[in-house]
Amino acid sequence: MGRGGSRRRSGRVWLCVAAAALALAGVLALTLRLTVGRRRSEADFQATFTGRCEQFSGGSRRHDCPKIWSAFEQAYVGRQPCNVSMEAYDALIAAAPAEAQCNSMIFWSKTMDMVHALTEKRDCYMSVEETLLGFVLNGLRWCGKRSSSETFTTGCPEWFECVNNPVRSFWSRVSADFAEQACGDVTVMLNGSIATPFSPERSTCANESLKDLEKELHPDIKYSCQEVPESKVRTCISDTNVTCEYCLLRSQITVHDADSTL
């Protein structure tokens, strides 16, 4: 009895050891899978960055894409993802500054889809997304982690989660550089259909904040505001025979719903 009981206990011990070994193997496999998946994600992100950079740099435009990638990484790699300031991207901006196109630069607020549809069809308008850095990073998410040399594309802060997150700081910095390069006639497209800051009870161009802006402008900067119906802008998007001058009149623009009038 004693010896038989010992064998049974020994069998149970071996079963427990085997189960523990299988569990450990499962943990190792899971860890390996996560590590490989994360590295593949990082490699995919870098490949997308480099591929877009090379695509943008075709023809007569040549850029040192590996150098630009290195400057980009310096901004966020190894940093806590809510502690990446606009200034962290200064080296990146220096490596790939915006190339100004006088009389064609367009800025937007709450009208992103419409502006992008317009610039896709019209060479006479250029938004920040048509610059090298804007083109390369449009629609992408990224961040780093403290004490890590990797680039992460998941688990990163959302846009409004913290002010100094890598994506938000990048777009603030590249937009500032785009604005600094502005020259000639500049267009700004705003959404005049939203209640804030505009009032549906009066002309958008009569908004007090726009009048305050005009007071702050340098005397040499001429300012005008035109209220343009959404239907007119959509005509410019769909009908390339319509002239650019007809589309937005090269001034600050506020776009209203299709049934609005100029």
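To keep things clear, this report deals only with the structure shown in the data block. (Residues numbered from 1 in each chain as written. Predicted model: local features only at pLDDT ≥ 70, side-chain atom pairs only at ≥ 80, totals over all residues. Heavy atoms only, no water.)

### Some details on the overall build of the chain
- Across its full length, the chain holds nine helices and four strands.
- Residues counted as buried form 37% of the 262 residues belonging to the chain.
- Across the chain, the fraction of contacts at a sequence separation of at least 24, relative to all contacts at a separation of at least 6, is 70%.
- About 15,300 Å² of surface is accessible on the chain, with carbon and sulfur atoms providing 54% of the total. (Helix = DSSP H or I, 4+ residues; strand = E, 2+ residues; numbered from the N terminus. Buried < 20%, exposed > 50% of the residue type's maximum accessible area, 1.4 Å probe, protein only. Contact = heavy atoms within 4.5 Å. Areas by Shrake-Rupley, 256 points an atom, 1.4 Å probe, with all protein chains shown as cover.)

### Observations concerning the packing of helix 4 (residues 112–121) against helix 8 (residues 230–238)
- Running from amino to carboxyl end, helix 4 crosses helix 8 at an angle of 30 degrees, the nearest separation of the two axes being 9 Å. One way to sum up the angle between helix 4 and helix 8 is to call them roughly parallel. Where helix 4 crosses over helix 8, the handedness of that crossing is left-handed. Here Met114, Ala117, Leu118 and Lys121 of helix 4 lie close against helix 8, whose contacting residues are Glu230, Val233, Arg234, Cys236 and Ile237.
- Broken down by class, the residue content of the contact of helix 4 with helix 8 amounts to six nonpolar, no polar and three charged. (Axes fitted to C-alpha atoms, helices over the stretch in contact; angles between N-to-C directions. Parallel < 35°, antiparallel > 145°, perpendicular 65-115°, else oblique. Left-handed = near helix turned anticlockwise from the far one by under 90°. Nonpolar A, V, L, I, M, F, W, Y, C, P; charged D, E, K, R; others polar.)

### Structural notes on the nonpolar core
- One finds Phe72, Tyr76, Tyr89, Leu137, Trp142 and Phe170 to be the most contacted residues of the largest nonpolar core, which totals 32 residues.
- Going through the elements one at a time, helix 1 (2–56), helix 2 (65–76), helix 3 (90–95), helix 5 (132–137) and helix 6 (166–180) are the ones with two or more residues in this core.
- Counting residues per element, this core draws most heavily on helix 2, at seven residues.
- Apart from the residues within four sequence positions on either side, Phe72 is in contact with Phe45, Phe49, Tyr89, Leu92, Leu137 and Trp142.
- Listed in part, the 14 residues of the second largest apolar core include Met189, Val233, Ile237 and Cys244. (Core = buried A, V, L, I, M, F, W, Y, C linked by side-chain atoms within 4.5 Å.)

### Quick look at the state of the cysteines
- Scanning the entire structure with this criterion turns up four disulfides.
- Note on cysteine connectivity: Cys53 is disulfide-linked to Cys65, with sulfurs 2.1 Å apart. Judged by the sign of its S-S torsion, about -90 degrees, the cystine formed by Cys53 and Cys65 is left-handed. Placement of Cys53 in helix 1 and of Cys65 in helix 2 is noted, with a sequence separation of 12 residues between them. (Disulfide = S-S within 2.5 Å.)

### Observations regarding the packing of aromatic side chains
- What the rule picks out here adds up to 14 aromatic pairs.
- Judged by centre distance (6.2 Å) and plane angle (45 degrees), the rings of Phe45 and Trp142 are tilted. Of this pair, Phe45 sits in helix 1 while Trp142 sits in the loop between helix 5 and helix 6, and the two are 97 residues apart along the sequence.
- For Phe45, a relative accessible area of 5% gives the class buried.
- Plain terms: the ring middles of Trp142 and Phe170 are 5.7 Å apart, the flat faces sit at 75 degrees to each other, and that makes the pair edge-to-face. (Phe/Tyr/Trp six-rings, centres within 6.5 Å; stacked < 30°, edge-to-face > 60°.)

### Describing helix 6
- Between its first and last C-alpha atoms helix 6 spans 21 Å; for 15 residues at 1.5 Å apiece the expected length is 21 Å, and the two agree.
- Of the surrounding elements, those touching the buried residues of helix 6 are helix 2, helix 3, strand 1 (106–109) and helix 5.
- N-cap assignment for helix 6: the residue whose side-chain oxygen lies 3.2 Å from the backbone N of Val167 is Asn165. (Expected span 1.5 Å × (residues − 1). Polar contact = N/O pair within 3.5 Å; in protein donor to acceptor, adjacent residues only side chain to side chain.)

### Thoughts on helix 2
- Helix length check: helix 2, at 12 residues, gives a terminal C-alpha distance of 18 Å against a target of 16 Å (1.5 Å per residue), a fit within 8%.
- Taken as a whole, helix 2 has its buried residues at Cys65, Ile68, Trp69, Ala71, Phe72, Glu73, Ala75 and Tyr76.
- Just downstream of helix 2 lies Gly78, where phi reads positive at about 80 degrees.

### Examining the pattern of salt bridges
- What the rule picks out here adds up to three salt bridges.
- Across the pair Asp90 and Arg173 runs a salt bridge, and its minimum N-O distance is 2.8 Å. Of this pair, Asp90 sits in helix 3 while Arg173 sits in helix 6, and the two are 83 residues apart along the sequence.
- Between Glu230 and Arg234 there is a salt bridge; the shortest N-O distance is 2.8 Å. In this pair, Glu230 and Arg234 both sit in helix 8, four residues apart, roughly one turn of the helix.
- Residue classification places Arg234 among the partly exposed positions, given a relative accessible area of 45%. (Salt bridge = Lys/Arg side-chain N within 4 Å of Asp/Glu carboxyl O.)

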